Amino acid sequence: MANHKSALKRIRANETKRLRNRYQHKTTRSYIKKLRETTDKTVAIDVYKTVSSMLDRLAKKNIIHKKKASNQKSKLARLVNSLSVAA
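Residues numbered from 1 in each chain as written. Predicted model: local features only at pLDDT ≥ 70, side-chain atom pairs only at ≥ 80, totals over all residues. Heavy atoms only, no water.

Enquirer: I keep staring at the overall build of the protein and nothing clicks. Help me out?
Expert: Helix and strand counts for the protein come out as 3 helices and 0 strands. Along the chain direction, N to C, the helices and strands of the protein fall in the order α-α-α. For the C-alpha atoms alone, the extent of the protein along its principal axes is close to 65 × 20 × 15 Å. Burial analysis of the protein (87 residues in total) assigns 21% to the buried set. Within the protein, counting contacts between residues at least 6 apart in sequence, those at least 24 apart form 56% of the total. By element, 53% of the accessible surface of the protein is carried by carbon and sulfur atoms, the whole surface being about 6,700 Å². Separation of charge centres in the protein, based on 24 positive and 5 negative side chains, amounts to 12 Å. (Helix = DSSP H or I, 4+ residues; strand = E, 2+ residues; numbered from the N terminus. Buried < 20%, exposed > 50% of the residue type's maximum accessible area, 1.4 Å probe, protein only. Contact = heavy atoms within 4.5 Å. Areas by Shrake-Rupley, 256 points an atom, 1.4 Å probe, with all protein chains shown as cover. Lys, Arg positive; Asp, Glu negative; His and termini not counted. Charge placed at Lys NZ, Arg CZ, Asp CG, Glu CD.)

Spelled out as structure tokens, the structure:
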């Protein structure tokens, strides 16, 4: 266990941040799953805008790597664009 007051505070702050990051990451993954299951293009475009923003936010806060966010956005954009051909 930590002996300094600042170390104890750091432990508390890290736990709070860890839980917040975990919640945001899980929420983003749920939206991505929802987007992948969508077959309607208009709904998919709206969800894609939300997911894209969420991924950018996660990358900005270093919860995920910026290139991972870029790759996911690219794949999801391809998926949304392919819906126009199928539907």
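Enquirer: Is there a simple way to think about a nonpolar patch on the surface in this case?
Expert: A cluster of nonpolar side chains, namely Met1, Leu8 and Ile11, defines an oily patch on the protein surface of about 340 Å² accessible area. One can find Ile11 in helix H1 (residues 5–37). (Patch = residues over 30% accessible without salt bridge, like charges linked within 9 Å, V, L, I, M, F, W, Y side chains within 5 Å. Salt bridge = Lys/Arg side-chain N within 4 Å of Asp/Glu carboxyl O.)

Enquirer: Is there a simple way to think about the side chain of Thr28 in this case?
Expert: Residue placement: Thr28 occurs in helix H1. The exposure class assigned to Thr28 is buried, which follows from its relative accessible area of 3%. Residues in contact with Thr28, not counting those within four places in the same chain, are Met54, Leu55 and Leu58.

From the geometry alone we can't say anything about function, so treat these as descriptive.
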